[in-house]
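Chain by chain, the residues run as shown.
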Amino acid sequence: MAVPRRPSGGGLRRAPQDGRLEEINKEFLCDPKFSDEEDLEEKLAVFKEKYMEFDLNNQGEIDLMSVKRMMEKLGAPKTHLELKKMISEVTGGVSETISYQDFVNVMLGKRSAVLKLVMMFEGKANESNPKPSGPPPERDIASLP
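Values in this document were obtained by computation on a predicted structure and should not be read as measured data. (Residues numbered from 1 in each chain as written. Predicted model: local features only at pLDDT ≥ 70, side-chain atom pairs only at ≥ 80, totals over all residues. Heavy atoms only, no water.)

Participant: I'd like to hear about the packing of aromatic side chains, residue by residue, with values.
Facilitator: Summed over the entire model, instances satisfying the criterion amount to four aromatic pairs. Ring geometry for Phe-47 and Phe-103: centres 6.3 Å apart, planes at 90 degrees, overall edge-to-face. Taken together, the positions of Phe-47 in helix H2 (residues 40-54) and Phe-103 in helix H5 (residues 100-108) put the pair 56 residues apart, joining distant regions of the chain. Just as Phe-47 is buried, Phe-103 falls in that class too. Their ring planes at 25 degrees and their centres at 6.5 Å tell us that Tyr-100 and Phe-103 sit as a pair that is stacked. With Tyr-100 and Phe-103 both in helix H5 and three residues apart, this pair spans about one turn of that helix. Here Tyr-100 falls in the buried class, since its relative accessible area comes to 1%. Grouping aromatic residues by their ring pairs yields a cluster made of Phe-47, Tyr-51, Tyr-100 and Phe-103. (Phe/Tyr/Trp six-rings, centres within 6.5 Å; stacked < 30°, edge-to-face > 60°. Helix = DSSP H or I, 4+ residues; strand = E, 2+ residues; numbered from the N terminus. Buried < 20%, exposed > 50% of the residue type's maximum accessible area, 1.4 Å probe, protein only.)

Participant: Can you lay out a negative patch on the surface for me, pointing to particular residues and giving the numbers?
Facilitator: Together, Glu-38, Asp-39, Glu-41 and Glu-42 make up a region of like negative charge exposed at the surface. Along the chain, Glu-42 turns up in helix H2. (Patch = residues over 30% accessible without salt bridge, like charges linked within 9 Å, V, L, I, M, F, W, Y side chains within 5 Å. Areas by Shrake-Rupley, 256 points an atom, 1.4 Å probe, with all protein chains shown as cover. Salt bridge = Lys/Arg side-chain N within 4 Å of Asp/Glu carboxyl O. Lys, Arg positive; Asp, Glu negative; His and termini not counted. Charge placed at Lys NZ, Arg CZ, Asp CG, Glu CD.)

Participant: Which residues make up the nonpolar core, and what values go with them?
Facilitator: With 26 residues, the main nonpolar core has Phe-47, Val-67, Tyr-100, Phe-103, Val-104 and Leu-108 as its most contacted residues. Taken together, the elements giving at least two residues each to this core come down to helix H1 (11-30), H2, helix H3 (64-73), helix H4 (80-91) and H5. Dropping the residues within four chain positions of it, Phe-47 is found in contact with Tyr-100, Phe-103, Val-104, Met-107 and Leu-108. (Core = buried A, V, L, I, M, F, W, Y, C linked by side-chain atoms within 4.5 Å. Contact = heavy atoms within 4.5 Å.)

Participant: Outline unusual backbone geometry, supporting the account with residue identities and numerical values.
Facilitator: Notably, Asp-39 is not glycine yet its phi reads approximately 50 degrees, a positive angle. Examined against the element boundaries, Asp-39 turns out to sit in the loop between H1 and H2. Exposure remark for Asp-39: the relative accessible area of 51% places this residue in the exposed category.

Participant: Break down the pattern of salt bridges for me, with residues and values.
Facilitator: In this structure the tally under the stated criterion is six salt bridges. A salt bridge links Lys-48 to Glu-22; the shortest N-O distance between them is 2.8 Å. Placement of Lys-48 in helix H2 and of Glu-22 in helix H1 is noted, with a sequence separation of 26 residues between them. Judged by relative accessible area, Lys-48 falls into the buried class, the value being 8%. Of the charged contacts, one joins Lys-43 and Glu-37 as a salt bridge, the two residues approaching to 2.6 Å between their closest N and O atoms. Its relative accessible area of 18% is what places Glu-37 among the buried residues. Overlapping salt bridges bring together Lys-50, Glu-53 and Lys-73 as one network.

Participant: How would you summarise H3 if you had to cite specific residues and measurements?
Facilitator: Along an α-helix, residues three or four apart share an orientation, since each turn contains 3.6 residues. Taken together, the buried positions of H3 are Leu-64, Ser-66, Val-67, Met-70 and Met-71. Projected onto a plane normal to the axis of H3, the buried residues spread over an arc of 165 degrees and lie on a single side. Looking one or two residues past H3, Gly-75 carries a phi angle of roughly 80 degrees, positive in sign. (Arc of directions from axis to C-beta.)

Printed below as a string of structure tokens:
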């Protein structure tokens, strides 16, 4: 018997999550603590897209496996212990998953967190290391390490 697969695009399943995250973004926009933040609305839109990209189960939380996938996608795989430490740093040790509020607080906060650094440099790494197109170049024995 075939196991039903989750739709890859998310589509209708993402709509309720999108609405919840938009409500949280509105709370951040009204929060006086972040009133001096430049381009806050644009930043929140980017954060929402990134968060939704790595929320694999569409439950509004980024779990250990989602962080693991994100780090592997960025070319910086981590051990489970390192991933747990990252999540603990973001949540303050009170949860094993990263909520959207925790995620935005880290991204907007003054404190430097590993996750924040990873997310900030994700785009720059993709720009500076373009994937070569076409077949790989031929190699000989002398070119091997």
